[in-house]
Number of protein chains: 2
Amino acid sequence: MLRHEVDIPAVKARRYKIEIGTEILGRLWPQIEADFGQHGKFVVTDENLVSAGHLEKLLGQRNIPTFIISPAGEASKNINTVVSIMEGMEKAYLGRDTVVVALGGGTVGDIAGFAASVFKRGVPVIQIPTTTVAQADSAVGGKTGVNSSISKNAFGAFWHPAAVYIDVATLTTLDDRQFRAGLVESVKHALIADSEYFGFLEENLDAIFERKAGVLEKVADFNCRIKGKVVEADPHEQNQQRILNYGHTIGHAVETASGFELLHGEAVAIGIIAAGLIEIELQLAQPDRLDRIRRILEKLGVPVKLPKDLAEDKLIDLIKHDKKAIDKWPRFVLISDIGQVHSQDGQWAVKVGQQLVEKTLRRLQR
Amino acid sequence: MLRHEVDIPAVKARRYKIEIGTEILGRLWPQIEADFGQHGKFVVTDENLVSAGHLEKLLGQRNIPTFIISPAGEASKNINTVVSIMEGMEKAYLGRDTVVVALGGGTVGDIAGFAASVFKRGVPVIQIPTTTVAQADSAVGGKTGVNSSISKNAFGAFWHPAAVYIDVATLTTLDDRQFRAGLVESVKHALIADSEYFGFLEENLDAIFERKAGVLEKVADFNCRIKGKVVEADPHEQNQQRILNYGHTIGHAVETASGFELLHGEAVAIGIIAAGLIEIELQLAQPDRLDRIRRILEKLGVPVKLPKDLAEDKLIDLIKHDKKAIDKWPRFVLISDIGQVHSQDGQWAVKVGQQLVEKTLRRLQR
């Protein structure tokens, strides 16, 4: 037997910037050109961004090859869209020296980021998130992917952006339901990392609903600080990044089971309440904490109960298919306090039995 | 304008082993179990491996979920196969704690490696190459991917294996055309890195054709040493790994233009002759060096001229679509001597004008 060893060298650390401002979209392209002059550019966006005028604001009169995802939303978040984007890049004779510019919500960012990660074995992506959920969560962190016919984000890659630009003015055109659902990720950030931020959200919800630039920038700032720190500590979601999954294990299952009738944030709101019920059962919380969380979610206008038509066994099956499942059952992130994730034996995701989850789902139907 | 910076930490260096032996397939599974006890296993292979009995040799009586690619070969090297594999993994309730075991030739390894790289954002892959081309080239190096409707390996990832096992006994069932075509990658290795190896191949071709275990192990050993060194120096193909592309720029175009009637190695043989003709034009070689290279390729029984029905403009268009093209024209790897790649300004891939390539293609048709 002959034996060789191949040493894969370390991949160097790198840094990317997040810029947050108001009405910055129209000034971005020259900066992208300055940073990526040698790269061909390819824009990925969706029909909502086009009709809101944001694509035009970004590109002006420039003639840049662009893929417009249609229909916008989860229905297009599949491998076929990724392939269409990549074929669009090929038809534009773009090669490895390409930068993908993702303008849009979480779906656009996830799809475009994944396409960038596998096009010619990987090209950089710039994220320009335009929704509350994308600005809070998905644009920062490097998680990209699409849904399979079986589960959410089943296919994807860790592909950190080359830069992130957040223009809170893009939120003013977002429809109210999307706007409110996306704020659930902000509530989640506060719950897992920062009780002061939770208080800020409670106090400033009205200004947020009025989409006042200053307070929206502040929200983006809190979110990026929290998310950035977690990603720096654990860029490939091996341990600490799990805390971002708070409310998501049941949330993802609910989202899929609803046939994506529920928005991501709406499903996560239900997942957060589920986590709260589990925390009470495990004596990690008194009921008053959950009441406080339920109040802010109710004020956001997102559901805090399961839709009546979701079958419990379907949800349990989806939970078993969770990406992070080990031995066909995932672990759950729970909090011990607002701003503090509960850990056990150094793990941020802990064991919760199937029976307790089933009981919780039943309580969520009432 | 608020500004954050996110520091993506370095990814640690890691090491994987390559083991080369004869008749080792039947002993591998316990070792895989020992190394990946906590992981679910999923085997990807193709119908040729099944009919040759190699899958049974690997698995014995074990009941392991397996995806059998059918038809075997380039026709299946597309995104649909990757999706089918991943859905197979999902249906087997496999999650992030899965290891993919790729048993087969270059196509199987490329497809399975790519599926592993994007399944649940990435799971490890063990490569068990069973053809001359895969054992020489594709199993080591981490390049995975599939073809688009437009070009070869258009979609993919750098995804280094967790381990590589080479059983040269699997080569005894390989059909003669595949066997010989795969040896072109060995000739390529010798040409770019090791004149002693070139001499060894010239002297031992008959023993290789008889598939004598000792000499096949020696060939695998030379190949892994050469390929391993290049990959260690440049794991993401940013510069030095380009030298492995010798003969491949025109070779890939020829392979695609032939509708994959030509095997990869056969097309690369034509590409190597093309490189040789370009080298003579650029005064990097005397004609006798190309004669020596042509002799060994002729003895391998692979083509050294373009098939008559390939249109030159089609080839030029395909070359423009090359993955490594910058500004719609790729650079070319050339050698200054057998065992020595020509470099220019520190670059291993150099500029060659379109006119010279067109002239070379015309000479290759004669």
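Residues numbered from 1 in each chain as written. Chains lettered and ligands numbered in written order. Predicted model: local features only at pLDDT ≥ 70, side-chain atom pairs only at ≥ 80, totals over all residues.

### Looking at the overall build of chain A
So, step 1. Each helix and strand counted, chain A has 14 helices and eleven strands in total.
So, step 2. Taking 366 residues into account, the globule formula puts the C-alpha radius of gyration at 21 Å, and chain A, at 20 Å, falls close to it.
So, step 3. Once the C-alpha set of chain A is aligned to its principal axes, its extents read approximately 70 × 55 × 35 Å.
So, step 4. Counting only contacts in chain A whose residues sit at least 6 apart along the sequence, the fraction spanning at least 24 positions is 73%. (Helix = DSSP H or I, 4+ residues; strand = E, 2+ residues; numbered from the N terminus. Rg over C-alpha atoms; globule rule 2.2 N^0.38 Å. Contact = placed C-beta atoms within 7 Å.)

### Quick word on the packing of helix α10 (residues 248-257) of chain B against helix α11 (residues 264-281) of chain B
All names here are of chain B.
So, step 1. Close contact between α10 and α11 brings their axes to 7 Å; oriented N to C, the two are set at 135°. Classified by the interaxial angle, the pair formed by α10 and α11 is oblique. Remark: the crossing between α10 and α11 carries right-handed chirality. When α10 is examined against α11, the residues His248, Thr249, Ile250, Gly251, Val254 and Glu255 are found in contact with a partner set consisting of His264, Ala267, Val268, Ile270, Gly271 and Ala274. (Axes fitted to C-alpha atoms, helices over the stretch in contact; angles between N-to-C directions. Parallel < 35°, antiparallel > 145°, perpendicular 65-115°, else oblique. Left-handed = near helix turned anticlockwise from the far one by under 90°.)

### Comments concerning helix α9 (residues 213-233) of chain B
So, step 1. Taking 1.5 Å of rise per residue, the 21 residues of α9 of chain B would be expected to cover 30 Å, and the 30 Å separating its terminal C-alpha atoms lies within 8% of that figure.
So, step 2. Of all the positions in α9 of chain B, only Val215, Leu216, Val219, Ala220, Phe222, Asn223, Cys224, Ile226, Lys227, Val230 and Val231 of chain B are classed as buried.
So, step 3. Of the surrounding secondary structure, the elements contacted by the buried residues of α9 of chain B are β1 (2-8) of chain A together with β2 (14-21), α6 (132-138), β9 (163-167), α7 (176-193) and α8 (195-209) of chain B. (Expected span 1.5 Å × (residues − 1). Buried ≥ 20, exposed ≤ 12 C-beta atoms within 10 Å, placed from the backbone.)

### A short note on the interface of chain B and chain A
So, step 1. The interface of chain B with chain A comprises 63 residues on the first partner and 63 residues on the second.
So, step 2. Secondary-structure elements contributing two or more residues to the side of chain B that touches chain A are β1 (2-8), β2, α4 (79-91), β7 (143-146), β8 (155-158) and α9 of chain B.
So, step 3. Here the side of chain B that touches chain A is composed, by residue class, of 28 nonpolar, twelve polar and 23 charged.
So, step 4. Relative to β1 of chain B, strand β2 (residues 14-21) of chain A runs antiparallel, the two sharing seven bridges. When the bridges of β1 of chain B are listed, Arg15 of chain A appears paired with Asp7 of chain B. (Nonpolar A, V, L, I, M, F, W, Y, C, P; charged D, E, K, R; others polar. Pairing = 2+ DSSP bridges.)

### Concerning the relation of the copies chain B and chain A
So, step 1. After a rotation of 180° and a shift along the axis of 0.0 Å, chain B superposes on chain A with an RMSD of 0.0 Å. Taken together, these values place the two copies in the relation of a two-fold axis. In terms of C-alpha distance to the rotation axis, chain B has Val11 of chain B as its closest residue, with the C-alpha 2.4 Å off the axis.
So, step 2. Both copies present the same face, since 100% of the interface residues in chain B are matched by interface residues at the equivalent positions in chain A. (Least-squares fit on C-alpha atoms with pLDDT ≥ 70 in both.)

### Focus: the sheet that holds β9 of chain B
So, step 1. Read across the open sheet, the seven strands follow the order β1(A)-β2(B)-β9(B)-β6(B)-β5(B)-β3(B)-β4(B); overall the sheet is mixed. With partners counted over all chains shown, the strands left at the sheet margins are β1 of chain A together with β4 (66-69) of chain B, one partner each. Taking each pair of neighbouring strands and ignoring which way they run, the sheet shows an average axis angle of 15°.
So, step 2. Pairing of β2 of chain B with β9 of chain B involves five bridges; the strand directions are parallel. Bridge pairing links Ile20 of chain B to Ile166 of chain B in β9 of chain B.
So, step 3. Helix-sheet contacts for helix α5 (residues 106-118) of chain B involve β3 (40-46), β4, β5 (98-104) and β6 (125-129) of chain B, and the interaxial angle to β5 of chain B is about 170°.

### Quick look at the domain arrangement of chain A
All names here are of chain A.
So, step 1. By domain assignment, chain A separates into domain 1 (17-173) and domain 2 (176-365).
So, step 2. Centre-to-centre separation of domain 1 and domain 2, based on C-alpha positions: 25 Å.
So, step 3. Taken together, the contact between domain 1 and domain 2 spans 27 residues of the former and 30 residues of the latter.
So, step 4. At five residues, helix α6 (residues 132-138) tops the list of elements feeding residues into the side of domain 1 that touches domain 2. (Domains from an automatic or database assignment.)

### What about helix α1 (residues 25-35) of chain B?
Residue and element names in this part refer to chain B.
So, step 1. Along α1, the residues that are buried comprise Leu25, Leu28 and Ile32. Down the axis of α1, the sector holding all buried residues measures 35°, keeping them to one side. Turned more than 90 degrees away from the buried face of α1 sit Pro30, Glu33 and Ala34, all of them exposed.
So, step 2. Buried residues in α1 make contact with α3 (54-59), β5, β6 and β9. (Arc of directions from axis to C-beta.)

### Brief notes about unusual backbone geometry
Peptide bonds are, in most cases, trans, and in most cases residues other than glycine have a negative phi.
So, step 1. Note that the residue after Ser70 of chain A, namely Pro71 of chain A, is joined by a cis bond; omega there is 0°.
So, step 2. Secondary-structure assignment places Pro71 of chain A in the loop between β4 (66-69) and α4 (79-91).
So, step 3. Phi is positive for Asp345 of chain A, which is not a glycine, with a value near 50°.
So, step 4. Locating Asp345 of chain A in the fold gives a position in the loop between β11 (340-341) and α14 (354-365).
So, step 5. Here the phi dihedral of Phe260 of chain B falls at roughly 65°; this positive angle occurs in a residue that is not glycine.

### Some thoughts on the pairing of strand β7 (residues 143-146) of chain A
Residues and elements named next belong to chain A.
So, step 1. Of the two faces of β7, the one carrying Lys143 and Gly145 and the one carrying Thr144 and Val146 are both buried.
So, step 2. Examined bridge by bridge, β7 and strand β8 (residues 155-158) share four bridges and lie antiparallel to one another. Within β8, the position partnered with Lys143 by the bridge is Phe158.

### Topic: the sheet that holds β1 of chain B
So, step 1. Pairing is mixed across the open sheet formed by seven strands, whose spatial order is β4(A)-β3(A)-β5(A)-β6(A)-β9(A)-β2(A)-β1(B). Either end of the sheet is taken by a strand with one partner, and the two such strands are β4 of chain A together with β1 of chain B. Averaged over all neighbouring strand pairs, the angle between strand axes comes to 15°, with direction disregarded.
So, step 2. Most of the contacts of α4 of chain A go to β4 of chain A, to which it runs at about 160°, and overall it touches β3 (40-46), β4 and β5 (98-104) of chain A.

### Thoughts on the packing of helix α7 (residues 176-193) of chain A against helix α11 (residues 264-281) of chain A
All names here are of chain A.
So, step 1. Contact geometry for α7 and α11: axes closest at 6 Å, N-to-C directions at 40°. Of the possible angle classes, the one that applies to α7 and α11 is oblique. When you trace α7 past α11, the crossing you get is left-handed. Residue-level contacts link Ala181, Gly182, Leu183, Val184, Glu185 and Lys188 of α7 to His264, Gly265, Glu266, Val268, Ala269 and Ile272 of α11.
So, step 2. The residue inventory of the contact of α7 with α11, partitioned by class, reads six nonpolar, three polar and three charged.

### Describing the environment of Gly73 of chain A
So, step 1. With respect to the helices and strands, the residue Gly73 of chain A is situated in the loop between β4 and α4.
So, step 2. Taking the C-beta count within 10 Å as the criterion, Gly73 of chain A has 18 such neighbours and is therefore assigned partly exposed.

### Topic: the confidence of the model for chain A
It should be kept in mind that the predicted coordinates are not to be read in detail where pLDDT is low.
So, step 1. Of all residues in chain A, 100% attain a pLDDT of 70 or more, and the chain-wide mean is 94.
So, step 2. Listed scores for the predicted complex are pTM 0.90 and ipTM 0.89. (pLDDT = per-residue confidence, 0-100.)

### Comments concerning the environment of Ser51 of chain A
So, step 1. Locating Ser51 of chain A in the fold gives a position in helix α2 (residues 47-51).
So, step 2. Sequence separation between Ser51 of chain A and Thr173 of chain A is 122 residues, and the spatial gap between their C-alpha atoms is 9.9 Å.

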